[in-house]
Amino acid sequence: FDSEIAVSEVIRQKLDQRLFARILRKKSMLCYNGISSEIFEYQCSKENLPGLPEQRPCIGVIGRLTKQKGHSDLLNAVKLIVKRQPVHLWVIGSGPLEAELRQQAIRLNIKDYIHFLGPRDDVLDILPHLNMVVSSSLWEGLPTVLLEAMAMSVPIVATDISGSRELIKNGVTGLLVPSGSPVNLAEAVLEMLSNPDQAREMTQAARQYAKTYTIQNAVHKYAQIYRQLIKQQ
């Protein structure tokens, strides 16, 4: 390749650490994925959406139901959370682990708190109805769903993994917890719910920070890379 582009800093480091990349002294380019700047001005209805449970508080997890997303850890965390405060988890997405996760909810006796909504094409309309977005992923590149939540001023609790930690600054734009730890996940969710003023401050900082991660900025970066490559020919 004349050039390689990484969508996060950790991916860039991994690309540059490969044997042949080191031998050839090739460096990859960093170009973050982005969201449309229009999301920051998106207007959605605050009325209850058809087919969605109305219970509060509601937390949401958005993504494919696969091992990567750590849904099992989140369900274990919900088991701990509801002992201290009833919450309702909206599971948005589909995938090969859906049946297994449904069985886990039954086994943990929390099925009344878990709502599997399947794949949705109205996530931007759903986000304002959530008290929080939780990312329990075990690994990520750069999770666009967190950018969308940041742009829509929704509080975030996420696992401290590559990609997510490039967006979430702990205690500033959201809360980070160790991956694979339902206990820490539960404590962070409860902390966010019990401190609405702090949560509001973090969403304001997160919204401002997310404005640097737009598709428009990514387009300019790609254009710079193309121009640089053309000059090298």
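Below or above, wherever it landed, is the structure these notes cover. This is a predicted model, so every value here is computed, not measured.

Turning our attention to the environment of Gln 232. Looking at where Gln 232 falls in the secondary structure, it is placed in helix α10 (residues 215-232). Using a relative accessible area of 54% as the deciding quantity, one classes Gln 232 as exposed.

Turning next to the packing of helix α3 (residues 71-81) against helix α8 (residues 182-194). It is the contact of α3 with α8, at a shortest axis distance of 8 Å, that shows an interaxial angle of 55°. Between α3 and α8, the crossing angle belongs to the class labelled oblique. For α3 against α8, the interelement crossing comes out right-handed. For the pair formed by α3 and α8, the contact residues are Asp 73, Leu 74, Asn 76, Ala 77, Leu 80 and Ile 81 on the first element and Pro 182, Val 183, Leu 185, Ala 186, Val 189 and Leu 190 on the second. By residue class, the composition of the contact of α3 with α8 is ten nonpolar, one polar and one charged.

With parallel pairing, six strands are arranged side by side in an open sheet as β5-β4-β3-β6-β7-β8. Two strands lie at the open edges of the sheet, namely β5 (114-118) and β8 (175-177), each paired on one side alone. For this sheet the average axis-to-axis angle between neighbouring strands, irrespective of direction, equals 20°. In this sheet, strand β6 (residues 132-135) lies alongside strand β3 (residues 58-62) in parallel orientation, the contact comprising two bridges.

What follows covers the packing of aromatic side chains. Inspection of every chain in the model, using the stated rule, returns three aromatic pairs. The interplanar angle of 40° and the centroid separation of 6.3 Å between the aromatic rings of Tyr 222 and Tyr 226 together place this pair among those described as tilted. In this pair, Tyr 222 and Tyr 226 both sit in helix α10, four residues apart, roughly one turn of the helix. Ring pairs connect the aromatic residues Tyr 32, Tyr 209 and Tyr 213, which therefore count as one cluster.

About the criteria used
Residues numbered from 1 in each chain as written. Predicted model: local features only at pLDDT ≥ 70, side-chain atom pairs only at ≥ 80, totals over all residues. Heavy atoms only, no water. Helix = DSSP H or I, 4+ residues; strand = E, 2+ residues; numbered from the N terminus. Buried < 20%, exposed > 50% of the residue type's maximum accessible area, 1.4 Å probe, protein only. Axes fitted to C-alpha atoms, helices over the stretch in contact; angles between N-to-C directions. Parallel < 35°, antiparallel > 145°, perpendicular 65-115°, else oblique. Left-handed = near helix turned anticlockwise from the far one by under 90°. Contact = heavy atoms within 4.5 Å. Nonpolar A, V, L, I, M, F, W, Y, C, P; charged D, E, K, R; others polar. Pairing = 2+ DSSP bridges. Phe/Tyr/Trp six-rings, centres within 6.5 Å; stacked < 30°, edge-to-face > 60°.

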